[in-house]
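Commentary on secondary and tertiary structure
What follows is each chain in one-letter form.
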2 protein chains.
Amino acid sequence: MELQLQIKMNKKLFLRDPEQTELGKKIIQHSIEVINKNGFEAFTFKKLAEDINSTEAGIYRYFENKHKLLMYITSWYWSWLEYRIMIHTLNVKDPVVKLKKVIQLLTATVEDDINTSHINENNLHQIIIAEGSKAYLTKHVSADNKDQFFKPYKDLCAKVGEIIQECNPAYKYPKSLSSTIIEMAHFQNFFMNNLPALTDFGKEDDTKVIAYLEDLVFSAIK
Amino acid sequence: MELQLQIKMNKKLFLRDPEQTELGKKIIQHSIEVINKNGFEAFTFKKLAEDINSTEAGIYRYFENKHKLLMYITSWYWSWLEYRIMIHTLNVKDPVVKLKKVIQLLTATVEDDINTSHINENNLHQIIIAEGSKAYLTKHVSADNKDQFFKPYKDLCAKVGEIIQECNPAYKYPKSLSSTIIEMAHFQNFFMNNLPALTDFGKEDDTKVIAYLEDLVFSAIK
DNA sequence: ATTATGAGATAGTAATACTATCTTTATGAA
DNA sequence: TTCATAAAGATAGTATTACTATCTCATAAT
(Lines give C-alpha, C1' and ligand atoms only; values in the text may rest on other atoms or scores of the structure.)
Protein backbone atom coordinates (compact mmCIF):
# COMPACT_ATOMS: atom_id res chain seq x y z
CA MET A 1 0.00 0.00 0.00
CA GLU A 2 1.38 3.36 -1.00
CA LEU A 3 -0.12 6.51 0.38
CA GLN A 4 0.42 10.12 -0.54
CA LEU A 5 -0.60 12.76 1.95
CA GLN A 6 -2.41 15.64 0.26
CA ILE A 7 -3.42 18.64 2.31
CA LYS A 8 -6.22 20.69 0.84
CA MET A 9 -5.13 24.30 0.71
CA ASN A 10 -7.19 27.49 0.58
CA LYS A 11 -7.35 28.35 -3.13
CA LYS A 12 -7.12 32.07 -2.52
CA LEU A 13 -3.58 31.63 -1.24
CA PHE A 14 -2.21 30.91 -4.70
CA LEU A 15 -2.79 31.89 -8.32
CA ARG A 16 -1.85 28.47 -9.67
CA ASP A 17 -1.86 25.35 -7.51
CA PRO A 18 1.78 24.52 -6.72
CA GLU A 19 0.91 20.89 -5.93
CA GLN A 20 -0.17 20.30 -9.53
CA THR A 21 3.08 20.96 -11.37
CA GLU A 22 6.77 20.25 -11.16
CA LEU A 23 7.72 23.93 -10.96
CA GLY A 24 5.07 24.44 -8.30
CA LYS A 25 6.52 21.72 -6.09
CA LYS A 26 10.01 23.07 -6.64
CA ILE A 27 8.81 26.53 -5.53
CA ILE A 28 7.46 25.11 -2.26
CA GLN A 29 10.48 22.89 -1.67
CA HIS A 30 13.09 25.56 -2.33
CA SER A 31 11.24 28.43 -0.69
CA ILE A 32 11.31 26.43 2.55
CA GLU A 33 15.07 26.08 2.14
CA VAL A 34 15.76 29.67 1.16
CA ILE A 35 13.53 31.26 3.81
CA ASN A 36 15.09 29.02 6.42
CA LYS A 37 18.57 29.94 5.28
CA ASN A 38 18.34 33.72 4.95
CA GLY A 39 15.17 34.65 6.81
CA PHE A 40 11.89 35.93 5.44
CA GLU A 41 12.98 39.58 5.12
CA ALA A 42 15.91 38.74 2.86
CA PHE A 43 13.84 36.29 0.86
CA THR A 44 12.89 37.45 -2.67
CA PHE A 45 11.27 35.72 -5.62
CA LYS A 46 14.31 36.63 -7.69
CA LYS A 47 16.69 34.75 -5.38
CA LEU A 48 14.28 31.82 -5.22
CA ALA A 49 14.12 31.78 -9.03
CA GLU A 50 17.90 31.68 -9.28
CA ASP A 51 17.95 28.83 -6.76
CA ILE A 52 15.64 26.67 -8.87
CA ASN A 53 16.93 27.84 -12.24
CA SER A 54 13.65 29.37 -13.21
CA THR A 55 12.53 32.98 -13.51
CA GLU A 56 11.01 35.53 -11.20
CA ALA A 57 7.98 35.88 -13.47
CA GLY A 58 7.51 32.13 -13.30
CA ILE A 59 7.08 32.25 -9.54
CA TYR A 60 4.69 35.20 -9.74
CA ARG A 61 2.41 32.92 -11.76
CA TYR A 62 1.99 30.80 -8.63
CA PHE A 63 1.99 33.34 -5.83
CA GLU A 64 0.89 36.95 -5.76
CA ASN A 65 3.67 37.92 -3.37
CA LYS A 66 6.01 36.48 -0.78
CA HIS A 67 3.60 37.03 2.09
CA LYS A 68 0.98 34.81 0.42
CA LEU A 69 3.68 32.18 0.01
CA LEU A 70 4.53 32.45 3.71
CA MET A 71 0.87 32.04 4.62
CA TYR A 72 0.71 29.05 2.28
CA ILE A 73 3.57 27.20 3.91
CA THR A 74 2.56 28.10 7.46
CA SER A 75 -1.02 26.98 6.72
CA TRP A 76 0.35 23.76 5.35
CA TYR A 77 2.33 23.24 8.55
CA TRP A 78 -0.65 23.79 10.85
CA SER A 79 -2.78 21.41 8.81
CA TRP A 80 -0.05 18.82 8.83
CA LEU A 81 0.34 19.22 12.59
CA GLU A 82 -3.38 18.79 13.16
CA TYR A 83 -3.25 15.66 11.02
CA ARG A 84 -0.37 14.28 13.08
CA ILE A 85 -2.20 15.05 16.29
CA MET A 86 -5.24 13.24 14.93
CA ILE A 87 -3.15 10.17 14.03
CA HIS A 88 -1.31 10.08 17.35
CA THR A 89 -4.43 10.47 19.50
CA LEU A 90 -6.62 8.00 17.62
CA ASN A 91 -7.96 5.42 20.05
CA VAL A 92 -6.49 7.29 22.99
CA LYS A 93 -9.21 7.64 25.62
CA ASP A 94 -7.46 9.60 28.33
CA PRO A 95 -7.48 13.35 27.49
CA VAL A 96 -4.44 13.88 29.72
CA VAL A 97 -2.45 11.45 27.59
CA LYS A 98 -3.77 13.20 24.49
CA LEU A 99 -2.72 16.62 25.76
CA LYS A 100 0.76 15.38 26.58
CA LYS A 101 1.03 13.98 23.09
CA VAL A 102 -0.03 17.35 21.66
CA ILE A 103 2.65 19.17 23.64
CA GLN A 104 5.25 16.72 22.47
CA LEU A 105 4.21 17.02 18.83
CA LEU A 106 4.20 20.82 19.06
CA THR A 107 7.59 21.05 20.66
CA ALA A 108 9.85 18.24 19.55
CA THR A 109 12.09 18.49 16.52
CA VAL A 110 10.35 16.72 13.72
CA GLU A 111 11.54 13.78 11.76
CA ASP A 112 11.07 14.13 7.99
CA ASP A 113 7.64 12.88 6.91
CA ILE A 114 8.09 10.34 4.12
CA ASN A 115 4.53 10.93 2.92
CA THR A 116 5.34 14.39 1.65
CA SER A 117 8.20 14.01 -0.76
CA HIS A 118 9.04 17.61 -1.59
CA ILE A 119 8.62 19.15 1.87
CA ASN A 120 11.38 19.07 4.47
CA GLU A 121 9.40 19.18 7.69
CA ASN A 122 12.43 19.90 9.84
CA ASN A 123 13.21 23.11 7.91
CA LEU A 124 9.54 23.95 7.91
CA HIS A 125 9.45 23.61 11.70
CA GLN A 126 12.33 26.08 11.93
CA ILE A 127 10.44 28.53 9.71
CA ILE A 128 7.37 28.29 11.92
CA ILE A 129 9.54 29.07 14.93
CA ALA A 130 11.32 32.09 13.48
CA GLU A 131 8.86 33.44 10.89
CA GLY A 132 5.48 31.92 11.71
CA SER A 133 4.01 34.84 13.60
CA LYS A 134 4.90 37.23 10.77
CA ALA A 135 2.11 35.56 8.80
CA TYR A 136 -0.50 37.25 10.99
CA LEU A 137 1.36 40.20 12.56
CA THR A 138 0.34 42.57 9.76
CA LYS A 139 -2.08 45.41 9.21
CA HIS A 140 -4.12 43.23 6.83
CA VAL A 141 -4.66 40.42 9.34
CA SER A 142 -8.41 41.04 9.51
CA ALA A 143 -8.83 40.97 5.74
CA ASP A 144 -6.67 37.83 5.57
CA ASN A 145 -8.74 36.30 8.34
CA LYS A 146 -11.94 36.99 6.40
CA ASP A 147 -10.38 35.09 3.50
CA GLN A 148 -9.94 32.17 5.91
CA PHE A 149 -6.15 32.17 5.56
CA PHE A 150 -5.68 31.32 9.23
CA LYS A 151 -8.27 28.54 9.35
CA PRO A 152 -5.71 25.74 9.83
CA TYR A 153 -4.15 27.59 12.76
CA LYS A 154 -7.54 28.31 14.30
CA ASP A 155 -8.71 24.72 13.73
CA LEU A 156 -5.63 23.42 15.49
CA CYS A 157 -6.18 25.82 18.35
CA ALA A 158 -9.82 24.75 18.61
CA LYS A 159 -8.84 21.09 18.60
CA VAL A 160 -6.31 21.55 21.41
CA GLY A 161 -8.88 23.66 23.25
CA GLU A 162 -11.33 20.76 23.08
CA ILE A 163 -8.81 18.37 24.58
CA ILE A 164 -8.19 20.87 27.38
CA GLN A 165 -11.91 20.96 28.07
CA GLU A 166 -12.06 17.18 28.10
CA CYS A 167 -9.42 17.27 30.83
CA ASN A 168 -11.32 19.86 32.83
CA PRO A 169 -14.75 21.00 31.58
CA ALA A 170 -14.76 23.77 34.18
CA TYR A 171 -11.55 25.42 32.97
CA LYS A 172 -12.37 28.93 31.82
CA TYR A 173 -9.70 29.67 29.24
CA PRO A 174 -9.31 26.67 26.91
CA LYS A 175 -8.68 28.66 23.72
CA SER A 176 -6.24 31.13 25.28
CA LEU A 177 -4.38 28.32 26.99
CA SER A 178 -4.28 26.51 23.67
CA SER A 179 -2.82 29.48 21.77
CA THR A 180 -0.41 30.01 24.65
CA ILE A 181 0.91 26.45 24.39
CA ILE A 182 1.21 26.64 20.62
CA GLU A 183 3.02 29.97 20.62
CA MET A 184 5.25 29.13 23.55
CA ALA A 185 6.26 25.76 22.13
CA HIS A 186 7.86 27.81 19.37
CA PHE A 187 8.95 30.95 21.19
CA GLN A 188 10.68 29.10 24.02
CA ASN A 189 12.54 27.13 21.38
CA PHE A 190 13.59 30.34 19.62
CA PHE A 191 14.64 31.92 22.90
CA MET A 192 16.66 28.96 24.12
CA ASN A 193 18.64 28.92 20.89
CA ASN A 194 18.99 32.67 20.38
CA LEU A 195 18.24 34.63 23.55
CA PRO A 196 18.94 32.08 26.28
CA ALA A 197 18.55 34.63 29.10
CA LEU A 198 14.81 34.47 28.44
CA THR A 199 14.54 30.77 29.30
CA ASP A 200 15.62 28.16 31.82
CA PHE A 201 16.79 25.72 29.17
CA GLY A 202 20.07 24.92 27.49
CA LYS A 203 20.54 24.92 23.74
CA GLU A 204 18.51 22.44 21.76
CA ASP A 205 16.97 20.69 24.75
CA ASP A 206 13.40 20.03 23.65
CA THR A 207 12.68 17.79 26.60
CA LYS A 208 12.95 20.67 29.09
CA VAL A 209 10.54 22.79 27.06
CA ILE A 210 8.10 19.88 27.06
CA ALA A 211 8.47 19.50 30.84
CA TYR A 212 7.87 23.24 31.31
CA LEU A 213 4.77 23.31 29.12
CA GLU A 214 3.32 20.18 30.75
CA ASP A 215 3.85 21.67 34.18
CA LEU A 216 2.27 24.96 33.08
CA VAL A 217 -0.76 23.38 31.44
CA PHE A 218 -1.57 20.73 34.03
CA SER A 219 -1.14 23.18 36.89
CA ALA A 220 -3.59 25.50 35.17
CA ILE A 221 -6.25 22.87 34.53
CA LYS A 222 -5.50 21.04 37.79
CA MET B 1 9.26 70.16 41.37
CA GLU B 2 9.52 69.32 37.71
CA LEU B 3 10.98 66.02 36.60
CA GLN B 4 11.94 64.77 33.19
CA LEU B 5 12.30 61.05 32.68
CA GLN B 6 15.39 60.19 30.66
CA ILE B 7 16.03 56.61 29.67
CA LYS B 8 19.61 55.78 28.84
CA MET B 9 19.73 54.07 25.48
CA ASN B 10 22.35 51.78 23.98
CA LYS B 11 24.56 54.09 21.88
CA LYS B 12 25.03 51.52 19.15
CA LEU B 13 21.35 51.72 18.30
CA PHE B 14 21.70 55.17 16.75
CA LEU B 15 24.21 57.24 14.79
CA ARG B 16 23.18 60.52 16.38
CA ASP B 17 21.30 60.67 19.68
CA PRO B 18 17.66 61.50 18.89
CA GLU B 19 17.06 62.78 22.43
CA GLN B 20 19.54 65.60 21.92
CA THR B 21 17.90 67.50 19.07
CA GLU B 22 14.53 68.69 17.90
CA LEU B 23 14.63 66.67 14.69
CA GLY B 24 15.66 63.61 16.68
CA LYS B 25 12.67 63.88 18.98
CA LYS B 26 10.38 64.44 16.01
CA ILE B 27 11.76 61.27 14.41
CA ILE B 28 10.90 59.23 17.49
CA GLN B 29 7.53 60.86 17.98
CA HIS B 30 6.39 60.50 14.39
CA SER B 31 7.88 57.08 13.75
CA ILE B 32 5.72 55.78 16.58
CA GLU B 33 2.68 57.27 14.87
CA VAL B 34 3.55 56.14 11.36
CA ILE B 35 4.54 52.58 12.33
CA ASN B 36 1.38 52.27 14.36
CA LYS B 37 -0.73 53.55 11.50
CA ASN B 38 0.63 51.55 8.56
CA GLY B 39 2.60 48.73 10.16
CA PHE B 40 6.34 48.17 10.20
CA GLU B 41 6.56 46.57 6.73
CA ALA B 42 4.99 49.60 5.03
CA PHE B 43 7.06 52.02 7.10
CA THR B 44 9.87 53.79 5.22
CA PHE B 45 12.20 56.63 6.10
CA LYS B 46 10.93 58.51 3.06
CA LYS B 47 7.32 58.46 4.29
CA LEU B 48 8.46 59.40 7.79
CA ALA B 49 10.47 62.31 6.32
CA GLU B 50 7.41 63.59 4.46
CA ASP B 51 5.39 63.32 7.66
CA ILE B 52 7.78 65.56 9.56
CA ASN B 53 8.67 67.84 6.63
CA SER B 54 12.28 66.78 6.68
CA THR B 55 14.31 64.61 4.32
CA GLU B 56 15.12 60.94 4.05
CA ALA B 57 18.84 61.69 4.32
CA GLY B 58 18.15 63.61 7.50
CA ILE B 59 16.70 60.55 9.18
CA TYR B 60 19.55 58.37 8.01
CA ARG B 61 21.84 60.64 10.02
CA TYR B 62 20.09 59.35 13.15
CA PHE B 63 19.39 55.71 12.36
CA GLU B 64 21.23 53.28 10.15
CA ASN B 65 18.00 51.62 9.04
CA LYS B 66 14.41 51.10 10.08
CA HIS B 67 15.17 47.92 12.01
CA LYS B 68 17.57 49.79 14.31
CA LEU B 69 14.84 52.36 14.84
CA LEU B 70 12.39 49.59 15.75
CA MET B 71 14.90 48.16 18.23
CA TYR B 72 15.38 51.65 19.64
CA ILE B 73 11.71 52.23 20.34
CA THR B 74 11.07 48.69 21.62
CA SER B 75 14.10 48.98 23.92
CA TRP B 76 12.77 52.26 25.16
CA TYR B 77 9.43 50.64 25.91
CA TRP B 78 10.94 47.75 27.89
CA SER B 79 13.09 50.14 29.92
CA TRP B 80 10.09 52.36 30.61
CA LEU B 81 8.06 49.33 31.66
CA GLU B 82 10.76 48.15 34.04
CA TYR B 83 10.87 51.65 35.49
CA ARG B 84 7.11 51.64 35.99
CA ILE B 85 7.26 48.22 37.63
CA MET B 86 9.97 49.51 39.94
CA ILE B 87 7.86 52.54 40.92
CA HIS B 88 4.70 50.51 41.45
CA THR B 89 6.33 47.81 43.55
CA LEU B 90 8.42 50.11 45.74
CA ASN B 91 7.68 49.39 49.41
CA VAL B 92 5.52 46.42 48.46
CA LYS B 93 6.61 43.46 50.57
CA ASP B 94 4.33 40.71 49.35
CA PRO B 95 5.75 39.17 46.13
CA VAL B 96 2.28 37.95 45.16
CA VAL B 97 1.01 41.53 45.17
CA LYS B 98 4.09 42.54 43.19
CA LEU B 99 3.51 39.87 40.58
CA LYS B 100 -0.12 40.88 40.18
CA LYS B 101 0.97 44.46 39.66
CA VAL B 102 3.46 43.32 37.01
CA ILE B 103 0.75 41.44 35.13
CA GLN B 104 -1.50 44.45 35.27
CA LEU B 105 1.22 46.82 34.03
CA LEU B 106 2.12 44.42 31.21
CA THR B 107 -1.42 43.94 30.05
CA ALA B 108 -3.51 47.03 30.64
CA THR B 109 -3.83 49.82 28.12
CA VAL B 110 -1.48 52.55 29.15
CA GLU B 111 -2.33 56.08 30.02
CA ASP B 112 -0.01 58.65 28.45
CA ASP B 113 3.04 59.31 30.62
CA ILE B 114 3.33 63.04 31.21
CA ASN B 115 7.03 62.71 32.01
CA THR B 116 7.90 61.89 28.41
CA SER B 117 6.58 64.70 26.32
CA HIS B 118 7.27 63.49 22.80
CA ILE B 119 6.33 59.82 23.24
CA ASN B 120 2.77 58.60 23.03
CA GLU B 121 2.87 55.51 25.23
CA ASN B 122 -0.48 54.24 24.08
CA ASN B 123 0.64 54.08 20.45
CA LEU B 124 3.92 52.62 21.60
CA HIS B 125 2.08 49.87 23.46
CA GLN B 126 0.21 49.02 20.25
CA ILE B 127 3.51 48.81 18.37
CA ILE B 128 4.93 46.43 20.96
CA ILE B 129 1.86 44.23 20.56
CA ALA B 130 1.89 44.08 16.77
CA GLU B 131 5.55 44.61 15.86
CA GLY B 132 7.57 43.96 19.01
CA SER B 133 8.64 40.42 18.25
CA LYS B 134 9.92 41.46 14.81
CA ALA B 135 12.76 43.21 16.64
CA TYR B 136 14.31 39.85 17.49
CA LEU B 137 12.78 37.43 14.96
CA THR B 138 15.62 37.93 12.51
CA LYS B 139 18.67 36.07 11.25
CA HIS B 140 20.95 38.62 12.96
CA VAL B 141 19.41 38.18 16.40
CA SER B 142 22.62 36.70 17.83
CA ALA B 143 24.77 39.53 16.54
CA ASP B 144 22.24 42.06 17.83
CA ASN B 145 22.20 40.26 21.16
CA LYS B 146 26.00 40.51 21.38
CA ASP B 147 25.62 44.26 20.89
CA GLN B 148 23.28 44.21 23.92
CA PHE B 149 20.31 45.50 21.93
CA PHE B 150 17.92 43.29 23.88
CA LYS B 151 19.26 44.12 27.32
CA PRO B 152 16.16 46.06 28.43
CA TYR B 153 13.93 43.14 27.46
CA LYS B 154 16.19 40.65 29.19
CA ASP B 155 16.50 42.85 32.28
CA LEU B 156 12.73 43.08 32.52
CA CYS B 157 12.42 39.33 32.11
CA ALA B 158 15.05 38.77 34.81
CA LYS B 159 13.27 41.17 37.16
CA VAL B 160 9.92 39.41 36.73
CA GLY B 161 11.72 36.07 37.11
CA GLU B 162 13.07 37.24 40.47
CA ILE B 163 9.61 38.15 41.70
CA ILE B 164 8.40 34.71 40.62
CA GLN B 165 11.19 33.15 42.65
CA GLU B 166 10.29 35.28 45.64
CA CYS B 167 6.79 33.81 45.42
CA ASN B 168 8.08 30.28 45.18
CA PRO B 169 11.85 29.65 45.43
CA ALA B 170 11.34 26.04 44.39
CA TYR B 171 9.69 26.84 41.08
CA LYS B 172 11.87 25.48 38.29
CA TYR B 173 11.08 27.77 35.36
CA PRO B 174 11.09 31.40 36.51
CA LYS B 175 12.64 32.86 33.37
CA SER B 176 10.52 30.90 30.92
CA LEU B 177 7.38 31.71 32.87
CA SER B 178 8.45 35.33 32.85
CA SER B 179 8.94 35.46 29.07
CA THR B 180 5.68 33.57 28.68
CA ILE B 181 3.75 36.17 30.67
CA ILE B 182 5.39 39.05 28.82
CA GLU B 183 4.77 37.60 25.37
CA MET B 184 1.26 36.42 26.16
CA ALA B 185 0.21 39.74 27.68
CA HIS B 186 0.77 41.11 24.18
CA PHE B 187 -0.19 38.16 21.99
CA GLN B 188 -3.50 37.53 23.74
CA ASN B 189 -4.29 41.20 23.25
CA PHE B 190 -3.46 40.97 19.55
CA PHE B 191 -5.51 37.79 19.19
CA MET B 192 -8.56 39.11 20.98
CA ASN B 193 -8.65 42.15 18.71
CA ASN B 194 -7.70 40.47 15.44
CA LEU B 195 -8.09 36.69 15.61
CA PRO B 196 -10.68 36.23 18.35
CA ALA B 197 -11.05 32.49 17.74
CA LEU B 198 -7.66 32.10 19.43
CA THR B 199 -8.83 33.51 22.76
CA ASP B 200 -11.66 33.35 25.27
CA PHE B 201 -11.97 37.12 25.49
CA GLY B 202 -14.10 39.76 23.82
CA LYS B 203 -12.65 42.79 22.04
CA GLU B 204 -10.67 45.22 24.12
CA ASP B 205 -11.32 43.53 27.44
CA ASP B 206 -7.99 43.80 29.24
CA THR B 207 -9.41 42.63 32.55
CA LYS B 208 -10.08 39.12 31.22
CA VAL B 209 -6.53 38.81 29.92
CA ILE B 210 -5.27 39.84 33.33
CA ALA B 211 -7.52 37.25 35.02
CA TYR B 212 -6.25 34.57 32.62
CA LEU B 213 -2.59 35.40 33.18
CA GLU B 214 -3.00 35.57 36.95
CA ASP B 215 -4.72 32.19 36.96
CA LEU B 216 -1.99 30.73 34.74
CA VAL B 217 0.90 32.10 36.75
CA PHE B 218 -0.38 31.42 40.25
CA SER B 219 -1.48 27.91 39.34
CA ALA B 220 2.01 27.24 38.02
CA ILE B 221 3.83 28.56 41.08
CA LYS B 222 1.11 27.26 43.46
C1' DA C 1 -4.76 20.13 -36.97
C1' DT C 2 -6.07 23.10 -33.32
C1' DT C 3 -5.96 24.74 -28.91
C1' DA C 4 -4.82 25.15 -24.19
C1' DT C 5 -1.31 24.91 -20.60
C1' DG C 6 3.12 25.35 -18.43
C1' DA C 7 7.08 27.71 -18.44
C1' DG C 8 11.37 30.03 -20.25
C1' DA C 9 13.13 34.71 -21.90
C1' DT C 10 13.21 39.46 -21.88
C1' DA C 11 11.93 44.15 -20.78
C1' DG C 12 10.24 47.74 -18.16
C1' DT C 13 8.57 50.55 -14.02
C1' DA C 14 7.76 52.49 -9.48
C1' DA C 15 9.28 52.18 -5.00
C1' DT C 16 12.74 51.00 -1.54
C1' DA C 17 17.00 51.34 0.85
C1' DC C 18 20.44 53.40 0.95
C1' DT C 19 25.14 56.85 0.02
C1' DA C 20 27.29 61.15 -1.23
C1' DT C 21 27.88 65.90 -1.59
C1' DC C 22 26.92 70.64 -1.31
C1' DT C 23 24.66 74.58 0.98
C1' DT C 24 22.41 77.08 4.60
C1' DT C 25 21.55 78.27 9.32
C1' DA C 26 22.19 78.66 14.22
C1' DT C 27 25.30 78.70 18.24
C1' DG C 28 28.92 79.85 20.70
C1' DA C 29 33.90 80.52 21.63
C1' DA C 30 38.19 83.43 20.53
C1' DT D 1 33.28 90.63 14.92
C1' DT D 2 35.11 86.64 13.23
C1' DC D 3 35.56 81.88 12.94
C1' DA D 4 34.51 77.19 13.70
C1' DT D 5 31.38 73.67 13.96
C1' DA D 6 27.22 71.12 14.28
C1' DA D 7 22.48 70.41 12.63
C1' DA D 8 19.81 69.98 8.95
C1' DG D 9 17.89 71.18 4.36
C1' DA D 10 18.48 70.25 -0.81
C1' DT D 11 19.63 67.48 -4.45
C1' DA D 12 21.37 63.59 -6.95
C1' DG D 13 22.49 59.03 -7.79
C1' DT D 14 22.63 53.72 -7.37
C1' DA D 15 21.45 48.91 -6.59
C1' DT D 16 17.81 46.15 -5.36
C1' DT D 17 12.99 44.97 -4.72
C1' DA D 18 8.45 44.05 -6.08
C1' DC D 19 6.12 43.72 -9.28
C1' DT D 20 3.58 43.70 -14.62
C1' DA D 21 3.57 42.72 -19.46
C1' DT D 22 4.52 40.39 -23.54
C1' DC D 23 6.36 37.07 -26.62
C1' DT D 24 7.97 32.50 -27.61
C1' DC D 25 8.12 27.56 -27.39
C1' DA D 26 7.25 22.76 -26.06
C1' DT D 27 3.96 19.46 -24.88
C1' DA D 28 -0.36 17.34 -24.37
C1' DA D 29 -5.23 16.99 -24.77
C1' DT D 30 -9.45 17.35 -28.21
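Once a new chain begins, its residue numbering starts again from 1 and follows that chain's sequence as written. Starting at A for chains and at 1 for ligands, labels are handed out in the order in which the entities are written. This being a predicted model, a pLDDT of at least 70 is required before a residue's local features are given, and a value of 80 or more before pairs of side-chain atoms are given or counted; all residues contribute to the totals for chains, interfaces and linings. Computation of side-chain values: all heavy atoms of the structure, hydrogens and water removed.

**Details of the pattern of salt bridges**
Residue and element names in this part refer to chain A. Here is the rule we go by: Only one rule defines a salt bridge in this text: a Lys or Arg side-chain nitrogen within 4 Å of an Asp or Glu carboxyl oxygen. Note on classification: 1.4 Å probe, protein chains only; a residue is buried when its accessible area is under 20% of the maximum for its type, exposed when over 50%, partly exposed between these limits.
Scanning the entire structure with this criterion turns up 14 salt bridges over all chains. The partner of Asp205 in a salt bridge is Lys208, with the nearest N and O atoms 3.5 Å apart. For Asp205, a relative accessible area of 21% translates into the label partly exposed.

**Concerning a negative patch on the surface**
Residue and element names in this part refer to chain A. Counted only if it meets this: Residues forming no salt bridge and having over 30% relative accessible area are the ones grouped into patches, like charges within 9 Å of each other and nonpolar side chains (Val, Leu, Ile, Met, Phe, Trp, Tyr) within 5 Å. Only the protein chains shown count as cover for residues, and all accessible areas are computed by the Shrake-Rupley method using a 1.4 Å probe. Under the convention used here, Asp and Glu are negative, Lys and Arg are positive, and both His and the chain ends fall outside the count. By convention, the charge on Lys lies at NZ, on Arg at CZ, on Asp at CG and on Glu at CD. Secondary structure elements follow DSSP: runs of H or I no shorter than four residues count as helices, runs of E no shorter than two count as strands, and numbering proceeds from the N terminus.
On the surface, a cluster of negative charge is contributed by Glu33, Glu50, Asp51 and Glu56. Residue placement: Glu56 occurs in helix α3 (residues 56-60). With relative accessibility at 36%, the residue Glu56 sits in the partly exposed group.

**Some words on the protein's contact with DNA strand C**
Operational definition: Any residue with at least one heavy atom within 4 Å of a molecule or strand is counted as near it. Residues adjacent in sequence count toward polar contacts only when both atoms are side-chain atoms; beyond that, a polar contact is any pair of N or O atoms within 3.5 Å, and within protein one must be able to donate a hydrogen and the other to accept it. Residues are grouped as follows: Ala, Val, Leu, Ile, Met, Phe, Trp, Tyr, Cys and Pro are nonpolar; Asp, Glu, Lys and Arg are charged; every other residue, Gly included, is polar.
Among the 17 residues in the neighbourhood of DNA strand C, the closest are listed as Ser54(A), Arg61(A), Tyr62(A), Glu56(B) and Tyr60(B). What you see for DNA strand C is that sugar and phosphate hold 48% of its atoms within 4 Å of the protein. The separation between a sugar or linking oxygen of DNA strand C and a polar side-chain atom of Tyr60(B) is 3.1 Å. Counting residues per element, the ones that place at least two in the surface near DNA strand C are α1 (22-38) of chain A together with α3 (56-60) of chain B. Considering every element that reaches the surface near DNA strand C, the biggest residue donor is α3(B), with three residues. Residues of the surface near DNA strand C, tallied by class, amount to five nonpolar, four polar and eight charged.

**Describing the protein's contact with DNA strand D**
Close to DNA strand D lie 16 residues, the nearest being Glu56(A), Tyr60(A), Ser54(B), Arg61(B) and Tyr62(B). Of all atoms in DNA strand D that approach within 4 Å of the protein, 53% are sugar or phosphate atoms. The contact in question runs from a phosphate oxygen of DNA strand D to an N or O atom on the side chain of Ser54(B), over 2.5 Å. Contact distances for DNA strand D include 2.6 Å between a base oxygen and a side-chain N or O atom of Arg61(B). Among the elements that take part in the surface near DNA strand D, α3(A) stands out by supplying three residues, more than any other. Of the residues assigned to the surface near DNA strand D, the class counts are five nonpolar, four polar and seven charged.

**Brief notes about the interface of chain B and chain A**
How we decide: Contacts between residues were defined by any pair of non-hydrogen atoms, one from each residue, lying within 4.5 Å. A quick way to say it: buried area is the sum, across both parts, of accessible area lost when two parts are put together, with a 1.4 Å probe.
Contact residues are listed per partner, giving 50 residues for chain B and 50 residues for chain A. Overall, the association of chain B and chain A removes approximately 4,200 Å² of surface from exposure, summing both partners, and the carbon and sulfur fraction of that is 64%. Considering only the side of chain B, the residues that lose the most area to chain A are Leu137(B), Tyr173(B) and Leu198(B), jointly responsible for 16% of the buried surface there. On the surface where chain B and chain A come into contact, there are zero salt bridges. Scanning the region where chain B abuts chain A turns up 20 residue pairs in polar contact (both at pLDDT 80 or more). For the side of chain B that touches chain A, the secondary-structure elements that each account for two or more residues are α1 (22-38), α6 (121-131), α7 (141-146), α8 (151-167), α9 (174-194) and α10 (206-220) of chain B. Among the residues making up the side of chain B that touches chain A, the classes are represented as 25 nonpolar, 13 polar and 12 charged.

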